[in-house]
Amino acid sequence: MHPQQQLSQILPALNGVVERISPWQLTDPTPCDEFNVSDILDHMIVLGGSFGYLFRGEEPPEIDAPAVAGWVPAPEFTKTMDDLLDAVHSPGAMERTVPTPLGEMPGETFARLVAFDGLIHGWDLASSVGADFEVPAQVVASVDEFARQALTDDMRDGDMFKAATTPPAGASALEALAAFSGRSLR
């Protein structure tokens with residue numbers, strides 16, 4: 001499955017999760033140990049906003065997360081994810097070499113990493129706030145196949161990625177991928 005197709009499913013599903021977050025859930029912990037719910041939203045708005053520019057071959061401006069305590073930035077999040085999806089579909093986005101936080105790489109490879117990150121952070125948010133995160137099984141399987149090839153042991157530095165954990169018996173495919181990414185399933 002092409003990463004544009006993956007992101008066309010993942011990003012709207014993420015928007016749906018964020019629309020269901022209540023202000024009192026912003027400080028709730030997530031399976032991503034370094035981030036609470038608000039931190040993940042900020043992380044995704046800042047990086048997603050920057051990535052949109054990179055996919056278009058443009059230099060990103062400095063992007064700040066909305067700083068309003070006790071308020072869920074759902075409109076800003078949705079605008080950022082919609083723009084990112086538009087950028088991924090822009091002419092040349094998959095063919096150009098993109099300067100990423102992991103070094104330069106083809107846009108298609110970077111889009112696959114963005115899909116992996118979005119899928120895992122979507123699961124983080126949904127599992128933290130008790131929301132459904134409906135992503136088709138074929139999308140999860142495609143992202144999983146890429147992640148298991150791309151995520152090497154030397155990338156598991158404890159910061160960006162932790163050591164894989166063992167998913168419990170009966171875990172869904174998305175939960176198994178989250179465990180592979182280093183999340184502890186609660």
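Residues numbered from 1 in each chain as written. Predicted model: local features only at pLDDT ≥ 70, side-chain atom pairs only at ≥ 80, totals over all residues. Heavy atoms only, no water.

*Asks:* Just give me the short version of the side chain of Gln25, but keep the residues and values in it.
*Replies:* Mapped onto the fold, Gln25 is located in the loop between helix H1 (3-19) and helix H2 (37-55). Excluding its chain neighbours within four sequence positions, the residues that come into contact with Gln25 are Arg20, Val37 and Val129. (Helix = DSSP H or I, 4+ residues; strand = E, 2+ residues; numbered from the N terminus. Contact = heavy atoms within 4.5 Å.)

*Asks:* Could you give an account of the packing of H1 against helix H3 (residues 74-88), naming the residues involved and the relevant values?
*Replies:* The geometry of H1 relative to H3 is characterised by a closest axis approach of 9 Å and an angle of 175 degrees between their N-to-C directions. The pairing of H1 with H3 is recorded here as roughly antiparallel in orientation. Contacts between H1 and H3 pair Gln4, Leu7, Ser8, Leu11, Leu14, Asn15, Val18 and Glu19 from the former with Ala74, Phe77, Thr78, Met81, Asp82, Leu84, Leu85 and Val88 from the latter. Split by residue class, the contact of H1 with H3 holds 10 nonpolar, 4 polar and 2 charged. (Axes fitted to C-alpha atoms, helices over the stretch in contact; angles between N-to-C directions. Parallel < 35°, antiparallel > 145°, perpendicular 65-115°, else oblique. Nonpolar A, V, L, I, M, F, W, Y, C, P; charged D, E, K, R; others polar.)

*Asks:* Could you give an account of helix H5 (residues 137-150), naming the residues involved and the relevant values?
*Replies:* With 14 residues, H5 should cover 20 Å at 1.5 Å per step; its first-to-last C-alpha distance of 20 Å lies within 8% of that length. Residues of H5 that are buried include every one of Val139, Val140, Ser142, Val143, Asp144, Phe146 and Ala147, and no others. Against H1, helix H4 (107-129) and helix H6 (173-180) lie the buried residues of H5. (Expected span 1.5 Å × (residues − 1). Buried < 20%, exposed > 50% of the residue type's maximum accessible area, 1.4 Å probe, protein only.)

*Asks:* For the nonpolar core, give the residues involved together with the corresponding values.
*Replies:* Within soluble globular proteins, side chains that are nonpolar tend to cluster in buried spots. Ile21, Leu41, Phe55, Leu119, Leu125 and Phe133 are the most contacted members of the largest nonpolar core, which totals 56 residues. At the level of elements, H1, H2, H3, H4, H5 and H6 are the ones that each hand at least two residues to this core. The biggest single contributor to this core is H4, with 12 residues. Not counting residues within four places of it along the chain, the set of residues in contact with Phe133 comprises Ile10, Ala13, Leu14, Val17, Gly118, Leu119, Gly122, Trp123, Ala126 and Leu174. (Core = buried A, V, L, I, M, F, W, Y, C linked by side-chain atoms within 4.5 Å.)

*Asks:* Give me the packing of H1 against H4: which residues, what numbers.
*Replies:* Taken N-terminus to C-terminus, the directions of H1 and H4 make an angle of 25 degrees; their axes are 9 Å apart at the nearest point. One finds that H1 runs roughly parallel with respect to H4. Crossing hand, H1 versus H4: left-handed. Of the residues in H4, those in contact with Pro3, Gln6, Leu7, Ile10, Leu14, Val17 and Val18 of H1 are Glu108, Ala111, Arg112, Val114, Ala115, Gly118, Leu119, Gly122, Leu125 and Ala126. Grouping the constituent residues of the contact of H1 with H4 by class yields 12 nonpolar, 3 polar and 2 charged. (Left-handed = near helix turned anticlockwise from the far one by under 90°.)

*Asks:* Break down the confidence of the model for the protein chain for me, with residues and values.
*Replies:* Across the protein chain, pLDDT averages 92, with 97% of residues at or above 70. At the low end of the mean pLDDT range in the protein chain sits H6, at 93; at the high end sits H1, at 98. (pLDDT = per-residue confidence, 0-100.)

*Asks:* Break down the environment of Ile10 for me, citing the residues and quoting the values.
*Replies:* Position of Ile10 among the secondary structure elements: in helix H1. Those residues in contact with Ile10, other than ones at most four positions away along the chain, are Ala115, Gly118, Leu119, Phe133, Val135, Val139 and Val143.

*Asks:* Describe in detail the packing of aromatic side chains, supporting the description with residues and values.
*Replies:* Going through the model one piece at a time under the given rule, you end up with 2 aromatic pairs. The interplanar angle of 80 degrees and the centroid separation of 4.8 Å between the aromatic rings of Phe51 and Phe110 together place this pair among those described as edge-to-face. Of the two residues, Phe51 sits in helix H2 while Phe110 sits in helix H4, which places them 59 residues apart along the sequence. Note on Phe51: relative accessible area 10%, which makes it buried. Clustering of aromatic rings is evident, with ring pairs tying together Phe51, Phe55 and Phe110. (Phe/Tyr/Trp six-rings, centres within 6.5 Å; stacked < 30°, edge-to-face > 60°.)

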